[in-house]
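These are the residues of each chain, in order.
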Amino acid sequence: MTNTFATNAASNSAVSYLDRNSRMQSSSIAKLSSGSRIVKASDDAASLAVGTKLKADVTALKQASTNASQAASMLQIADGAMSRISDTLLRMKSLATQSLSDVLSDTERGYLDKEFQALVTQIDYITSSTKFNGIAVVSGAMGTGFDTYANDFGAAGVAAADVKVRATGGLADNDAFKVVYDKANGLMTATNNTSKEAQTVKVASSATHTGTVDFDALGVALDFDNFDLTTKLVGGDDTFAVNWADAAGQGAATFQVGENAANDTVTVHLADVDSTALGVNGQAITSAAAAVTASGTIDTAMQTLNTERANIGASMSRLEAIGENLATTIENLDAARSVLMDVDVAEEMTKFTTNQVMTQAATAMLAQANQLPQNLMRLLQ
């Protein structure tokens, strides 16, 4: 190498390596300080893209897990309210049974009826006062309130007012049913057009029917009020179809339980269980005959309530399974993100130590290189 005063090549080389080692040392410090393997995009652009997406998924899933827990809490509150209503119905059943005894006069039955009516009021109180975040959860406010429509295949026509259709179980929006009435045998069969599930119920053999035909297995009931089966249901197959959609402000509660906003949702239907919906409003036990009617109505009400509690229990079990699955998914996604994004402390500390030694060496060599021109001055002496 040529010896010159103007250019100190050794010093320039030492400066270059010092800068390089210093940059690598600073990079290690940044990674160790942040805990991230990728401090800037140039560190690993591909892993940054994948890791960021995984981080977004984990963040969304953690909130989804919270949503599922809140949904389960809401259902727990609803189930608790229904449990209290069930206890109230049991007491009403006991009172109705007591009123049937001939050792009591109607005056004494009147005393029993005072408690009976108070319990009816209590059912309505429980229904209206049981709330989650200010929303009454067993009043039908977030339950199965539906706009209903009906049409028939006969000349007389069947209007929606002729059959007030009620949802009694978990139903999908715009579900449709075909109902066939067998006049000869007094049988009515409902079929879900989507699932093809069917149920047959025996109805009164009289031409005019008043009362409820409950297709409990399908989650729908038909309330008839002085309905003339023989003239309304006419035509080749004696059928009419019923369908519905959620009424405004009566939609079911929907919970986001995943990162996909379009598909990862759970919808829960909570039906109205007040005294009117259960059919016990207006019942009395002031006479033996009235007590017989009230006792049968209470039995039906308890069956309705048990069905609704079973639906809630199924939804709670599903939410618990969703919560467990979310926990597993979050754990695995977080592990995958960690591999891509988190710094390996041992490895990075090794790099830092190496670069620190190299920086110190470069600094020492720069000092030595700066002394080389001084050696050339001896040639001039």
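Bear in mind that the values here come from a model prediction, so they are computed numbers and not experimental data.

Okay, the overall build of the protein next. What the protein contains, in helices and strands, is 8 helices and 12 strands. Here the protein holds 381 residues, and the buried ones make up 37% of them. Accessible surface, the protein as shown: approximately 20,000 Å² in total, 53% of it carbon and sulfur.

Counting residues in each nonpolar core, the largest one holds 47 residues, and the members touching the most others are Leu75, Ile85, Leu89, Met92, Phe116, Leu270 and Ile285. Looking at this core, the elements with two or more residues in it are α2 (45-99), α3 (106-129), β11 (253-256), β12 (265-268) and α6 (288-341). Counting residues per element, this core draws most heavily on α2, at 16 residues. Counting 14 residues, the second largest nonpolar core, distinct from the first, contains Tyr181, Ala190, Leu218 and Phe224.

What follows concerns the pattern of salt bridges. Considering all chains together, one arrives at 8 salt bridges under this definition. Note that Asp102 and Arg109 form a salt bridge whose closest N and O atoms lie 3.9 Å from each other. Accessibility expressed as a relative area gives 71% for Asp102, which makes it exposed. Salt bridges sharing common partners tie together Asp102, Asp106 and Arg109.

So, on to the environment of Asn306. Here Asn306 shows up in helix α6. Linking Asn306 and Ser83, residues 223 residues apart in sequence, is a C-alpha distance of 9.3 Å.

Moving on to the environment of Phe132. By secondary structure assignment, the location of Phe132 is in strand β1 (residues 131-132). Among the residues examined, Phe132 registers a relative accessible area of 26% and is labelled partly exposed. When the C-alpha atoms of Phe132 and Leu75 are compared, they prove to be 9.4 Å apart, with 57 residues separating the residues in sequence. In contact with Phe132, not counting residues within four places along its chain, are Gln70, Ser73, Met74, Ile77 and Val137.

Relative orientation of the contacting elements helix α1 (residues 9-34) and helix α7 (residues 345-369) amounts to 155°, with a least axis distance of 8 Å. By the criterion of interaxial angle, the relationship of α1 to α7 is roughly antiparallel. With respect to the hand of their crossing, α1 and α7 are arranged in left-handed fashion.

What counts as what
- Residues numbered from 1 in each chain as written.
- Predicted model: local features only at pLDDT ≥ 70, side-chain atom pairs only at ≥ 80, totals over all residues.
- Heavy atoms only, no water.
- Helix = DSSP H or I, 4+ residues; strand = E, 2+ residues; numbered from the N terminus.
- Buried < 20%, exposed > 50% of the residue type's maximum accessible area, 1.4 Å probe, protein only.
- Areas by Shrake-Rupley, 256 points an atom, 1.4 Å probe, with all protein chains shown as cover.
- Core = buried A, V, L, I, M, F, W, Y, C linked by side-chain atoms within 4.5 Å.
- Salt bridge = Lys/Arg side-chain N within 4 Å of Asp/Glu carboxyl O.
- Contact = heavy atoms within 4.5 Å.
- Axes fitted to C-alpha atoms, helices over the stretch in contact; angles between N-to-C directions.
- Parallel < 35°, antiparallel > 145°, perpendicular 65-115°, else oblique.
- Left-handed = near helix turned anticlockwise from the far one by under 90°.

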